[in-house]
Amino acid sequence: MKSKGLWKFLVKTFVPLFIKKAAYVTCPSEKLYDLLKGYGVKNPLEIVPVGLDLNVFFQRLTAEERRNLRTELKVNEDDTLFISVCRLSKEKKVDELIRLFNLINEDKPKTKRLIVRGGEEEANLRTIASTNPAISFTGRIPSSDIWKYYQAGDIMASASESETLGLTNVEALASGTPLICKMDKAITGYLKEGENGFFVDSDDQFVEKAKKMLADSALMADFKANAEKSAYRFS
């Protein structure tokens, strides 16, 4: 903890010095903008989205390919599949997502949960999820295959508040997958409340808004269409 505090002190002290002579500073998110302001940076600042190569995420599985992948994942055609794509580390709060999904799944049994990728917390998370057969893991998979899992899913969920950009959420949007995410200024630039997904501030709100998405097929159709459209400005 001491080393972490020292690192924060050094960053807060030296970042303003390093960029002092810059005529202009761009920030890729509101979160980084606020962070630099908090460091005492006096330079002119502007939020400018990062340009990303999203072409692989704009490609689409055929209906048959998607159906086959969901069958492989033991997801039925009429199931709603919640996905999360992230490195499995403590700060991603996947354990929290598992707990919240269990609350939803108790009331909405036609839901499934897929956690994509691996990491140091994978074994622990598998143990936590072991009581619910509706939850599954891909483990480590090639990066070149991840786009397929975004499209196999119906809703991308995130509880992380440690992001600086949250790029996996942009990838999900490019894949046409709407979001439900813990409120974080790192992602306010692309998650538009009530247009391509929902922000949540509490457990109750997460469950409430997730159930709203599950109950309203017209809303979900709009979210999916708006998700893809909203990602184009980042490509």
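Quick look at the structure, then. (Residues numbered from 1 in each chain as written. Predicted model: local features only at pLDDT ≥ 70, side-chain atom pairs only at ≥ 80, totals over all residues. Heavy atoms only, no water.)

1. Digging into the packing of aromatic side chains
Centre distance and the angle of the planes are the two values used to describe a pair of aromatic rings. The line we're drawing: In this analysis, rings of Phe, Tyr and Trp, with Trp reduced to its six-membered ring, are considered paired at centre separations within 6.5 Å, and the interplanar angle assigns stacked below 30 degrees, edge-to-face beyond 60, and tilted for intermediate values. Strands here are runs of E lasting at least two residues and helices are runs of H or I lasting at least four, both read from the DSSP assignment and numbered beginning at the N terminus. The buried label goes to any residue with under 20% of its type's maximum accessible area, the exposed label to any with over 50%, and the partly exposed label to all in between, with areas taken from a 1.4 Å probe on protein chains only.
Following the criterion strictly, the structure yields five aromatic pairs and no others. Aromatic side chains Phe57 and Tyr150 sit 5.6 Å apart centroid to centroid with 80 degrees between the ring planes, which places their arrangement in the edge-to-face category. Of this pair, Phe57 sits in helix H3 (residues 55-58) while Tyr150 sits in helix H7 (residues 146-152), placing them 93 residues apart in sequence. Relative accessible area serves as the criterion here: at 9%, Phe57 is assigned to the buried category.

2. Section: the environment of Ser202
Definition in use: Polar contacts, as used here, are pairs of N or O atoms within 3.5 Å; protein pairs need one atom able to donate a hydrogen and one able to accept it. Residues neighboring in sequence count only if both atoms are side-chain atoms.
Along the chain, the position of Ser202 falls in the loop between strand E8 (197-200) and helix H9 (203-215). Spatially, the C-alpha atom of Ser202 lies 29 Å from that of Ile146, the residues being 56 residues apart in sequence. A polar contact is formed between the side chain of Ser202 and the backbone nitrogen of Gln205, at a distance of 3.2 Å.

3. Here we look at the nonpolar core
Condition: We call a set of buried residues a nonpolar core when its members are Ala, Val, Leu, Ile, Met, Phe, Trp, Tyr or Cys and they connect through side-chain atoms within 4.5 Å of each other. Contacts: residue pairs with any heavy atoms within 4.5 Å of one another.
Grouped together as the largest cluster of nonpolar side chains are 34 residues, with contacts concentrated most on Leu54, Tyr150 and Leu179. Elements represented by at least two residues in this core include exactly H3, strand E3 (80-85), strand E4 (111-116), H7, helix H8 (167-174), strand E7 (179-182) and helix H10 (217-231). The greatest single-element share of this core, amounting to five residues, is contributed by H7. When near neighbours in sequence (up to four residues on either side) are disregarded, Tyr150 contacts Phe57, Ile83, Val85, Met156, Thr168, Glu171, Ala172, Ser175 and Thr177. Formed by 28 residues, the second largest nonpolar core is a distinct cluster that contains Leu97, Leu125, Leu219 and Phe223.

4. Quick look at the pattern of salt bridges
Put simply, the rule is: When a carboxyl oxygen of Asp or Glu lies within 4 Å of a side-chain nitrogen of Lys or Arg, that pair is called a salt bridge.
One pass over the structure, following the stated rule, counts 20 salt bridges. Residue Lys31 is joined to Asp184 by a salt bridge in which the shortest nitrogen-to-oxygen separation is 3.2 Å. One end of the pair, Lys31, is in helix H2 (residues 30-38); the other, Asp184, is in the loop between E7 and E8, with 153 residues separating them in the sequence. On the accessibility criterion, Lys31 (24% relative accessible area) is partly exposed. Across the pair Glu96 and Lys182 runs a salt bridge whose closest N-O atoms are separated by 3.1 Å. Of this pair, Glu96 sits in helix H5 (residues 94-107) while Lys182 sits in strand E7, and the two are 86 residues apart along the sequence. Among the residues examined, Glu96 registers a relative accessible area of 15% and is labelled buried. Salt bridges here are not isolated pairs; linked through shared partners, they connect Arg66, Arg70, Asp154 and Lys224.

5. Let's talk about the packing of H5 against helix H6 (residues 122-129)
Operational definition: Structural elements are reduced to axes, namely lines fitted to C-alpha atoms, with helices fitted over the stretch in contact, and the angle between N-to-C directions of any two is expressed from 0 to 180 degrees. An angle below 35 degrees is treated as roughly parallel, one above 145 as roughly antiparallel, one from 65 to 115 as roughly perpendicular, and anything else as oblique. Note on convention: the crossing is left-handed when the near helix lies turned anticlockwise from the far helix by less than a right angle, right-handed when the turn is clockwise.
Between H5 and H6, the least distance of the axes is 10 Å, while the angle of their chain directions is 15 degrees. Considering their axes alone, H5 and H6 lie roughly parallel with respect to each other. Considering the relative orientation of H5 and H6, their crossing is right-handed. Here H5 contributes Val94, Asp95 and Ile98 to the contact with H6, which in turn contributes Leu125, Ile128 and Ala129.

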